[in-house]
Structure formats: structure tokens, C-alpha cells
Amino acid sequence: LAASRIDAISFQDASDYCETLVVNPDGTSEVRFCLDIVLDTQQSVLDHLRNMLATFRGFLVWSQGVVKLRIAKQESVTQAFDMGNIVADSFSWKKQSYRDRPNVIRIQYINQADNFRRDFVEAFDDWDIDLTGERREQVLNLDGIKRATQAARMAQYYLDQAVHINHACAFR
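Overview of the structure.

Conventions we followed
- Residue positions are given per chain, counting from 1 as you read along its sequence in written order.
- In keeping with the predicted nature of the model, local features appear solely for residues at pLDDT of at least 70, side-chain atom pairs appear and are counted solely at 80 or more, and the whole-chain, interface and lining totals rest on all residues.
- Computation of side-chain values covers all heavy atoms of the structure but excludes hydrogens and water.
- At least two DSSP bridges between two strands are needed for those strands to be called paired.
- For helices the rule is a DSSP run of H or I covering at least 4 residues; for strands it is a run of E covering at least 2, with both sets numbered from the N terminus onward.
- Just to be clear on terms, a salt bridge is a Lys or Arg side-chain nitrogen sitting within 4 Å of an Asp or Glu carboxyl oxygen.
- Summary of the burial criterion: residues with accessible area below 20% of their type's maximum are buried, those above 50% are exposed, and those between are partly exposed, where the area comes from a 1.4 Å probe applied to protein chains only.
- Only centres within 6.5 Å qualify two rings of Phe, Tyr or Trp (six-membered ring in Trp) as a pair; their planes then separate them into stacked at under 30 degrees, edge-to-face at over 60, and tilted for everything else.
- Look at NZ for Lys and CZ for Arg. If either is within 6 Å of the ring centre and within 35 degrees of the ring normal, a charge sits over the ring.
- Cavity means a closed set of points on a 1 Å grid over the protein atoms alone, one where a 1.4 Å probe fits but cannot get out, pocket means an open set with protein on both sides within 12 Å along at least 5 of 7 lines, and lining means a residue has an atom within 4 Å of a point.
- Grid points are joined across faces, edges and corners, and a volume is the space filled by probe spheres set on the points.
- Here an axis means a line fitted to C-alpha atoms, over the contact stretch when the element is a helix, while the angle between two N-to-C directions is reported on a 0 to 180 degree scale.
- Charge assignment: positive for Lys and Arg, negative for Asp and Glu; neither His nor the chain ends contribute.

**Here we look at the pairing of strand β7 (residues 117-124)**
- As judged from the 8 bridges shared by strand β6 (residues 104-111) and β7, these two strands associate in the antiparallel manner. When the bridges of β7 are listed, Ile-107 appears paired with Val-121.
- Taken together, β6 and the strand that follows it, β7, pair antiparallel across an intervening segment of 5 residues, in which Asn-115 is found at a positive phi of about 55 degrees.

So, in C-alpha cells, the structure goes:
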């Protein structure tokens, strides 16, 4: 990919967001996201890229002839769709059953504070577990994370996504 096809400003904006200090539950501060990874396994470049992006909710988009780096976060609406600006009869709507959604997210990470041992943190939807009496667990391996606090933020983020985003639509 030629450098002229990369939107450097979007990468700098993403870096600034990741470097923003956040306050942990214990009152300490740290940068929001930190990627600390060794690429020593035999995987495709795309798999390595997906694994890196997952550690900070990142994703790449092709827009206006360049690749832009984005982070899933609260932002202003950039485009709105309605039945007047999509192809007729192309709209579909699907609701995911709550039984198909996890109520426990387990993030596996490499714990720097414990001599770089594999560790995990979990986020729970206690209400759903109490209601259904079952644990529906999803495990995400985020080896690029080395801090329990960042792993915990990611677990809560992915749980919130599973709990609150249960509708999907598609259109052209």
C-alpha cells in the first residue's frame, strides 16, 4: 500500500485518542490503550492486523481513495440513511436472540504485572445470568494487551456491545 493511500491524519487522531489518560477504579491514571505485542507466530498479515486493531477497538475504512484508521467510540453522526437514500427493496432487519448473545466476556491477555503470564479478566451481565440461570461466555484473546486495567475496559466494552447492540440491518 503506497503511503499516498494512507490517511496519516486519521492515524494521528487515533494515536491521540489512545494516548489520552483515563482514570482507573483505584484512582490511578494511565493511557487509554497501549499495544505491546511481539509478532512471532506464523499468521497472515491480515490476522496480525486484526489482532492489533482488536486491542483498541480499531478498524480500517477505505474512504475517498485512502485507508483511514478509526476507533469505535462516541462520535458525531457523519452519514444518515433513510428509505430515500438506499436502493429500493434492499433493506433487511434482523434481531439477535438474547440466547445467542454472551452474558460473560472473558478477555485473555499477557499480564505484565505477573511476569508476562497468560491471564484473564471477565465482565458479567449479572442481571441476565440471574434471570436465565446460565452463563453464555465469549472468550477473546487480546495478546497485545499487557495491563489488567486495559483488559477490564475491553471486557466491559465488548459486554456492553453484546447486551445493547442486538439489531442489525443491511442495505445497498
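**As for the pattern of salt bridges**
- All told, the structure shown has 13 salt bridges when counted by the stated rule.
- Across the pair Asp-47 and Arg-50 runs a salt bridge whose closest N-O atoms are separated by 3.0 Å. Of this pair, Asp-47 and Arg-50 both sit in helix α2 (residues 45-54), separated by 3 residues, roughly a single helical turn.
- On the basis of relative accessible area, Asp-47 is assigned to the partly exposed category, the value being 32%.
- Since its relative accessible area comes to 48%, Arg-50 is described here as partly exposed.
- Between Glu-134 and Arg-99 there is a salt bridge, and its shortest N-O distance comes to 3.0 Å. One end of the pair, Glu-134, is in the loop between α3 (126-132) and β8 (137-141); the other, Arg-99, is in the loop between β5 (92-95) and β6, with 35 residues separating them in the sequence.

**Considerations on the packing of aromatic side chains**
- Scanning the model with the defined rule gives 5 aromatic pairs in all.
- An angle of 45 degrees between the planes, with centres 6.4 Å apart, marks the rings of Tyr-17 and Phe-33 as tilted. With Tyr-17 in helix α1 (residues 8-19) and Phe-33 in the loop between β2 (29-31) and α2, this pair connects stretches of sequence that are 16 residues apart. Across the pair, exposure class does not vary: Tyr-17 and Phe-33 are buried alike.
- Judged by centre distance (5.2 Å) and plane angle (70 degrees), the ring pair of Tyr-157 and Tyr-158 falls under edge-to-face.
- By relative accessible area, Tyr-157 is classed as buried at 18%.
- A relative accessible area of 21% means that Tyr-158 is categorised as partly exposed.
- Taken together, the ring pairs in this structure connect Phe-81, Phe-91, Trp-93 and Phe-171 into an aromatic cluster.
- In this structure, Arg-57 packs its charged tip against the face of Tyr-157, placed 4.4 Å from the ring centre.
- Positioned over the ring face of Tyr-17 is Lys-73, at 4.8 Å from the centre of the ring.

**Quick word on the layout of surface pockets**
- There is about 260 Å³ of room inside the largest pocket.
- Every residue lining the largest pocket is counted, 14 residues in all, and those nearest its centre are Ile-37, Val-38, Thr-41, Asn-51 and Asp-143.

**Side note on the sheet that holds β6**
- One open sheet accounts for 3 strands, arranged β7-β6-β8; its pairing is mixed. This sheet does not close on itself; its edge strands, each paired only once, are β7 and β8. On average, adjacent strands in this sheet sit at an angle of 25 degrees to one another, irrespective of strand direction.

**Quick word on the side chain of Asp-125**
- Mapped onto the elements, Asp-125 comes out in the loop between β7 and α3.
- Among buried charged residues, Asp-125 stands out as having no salt bridge; its nearest opposite-charge side chain is Arg-136, 6.3 Å away.

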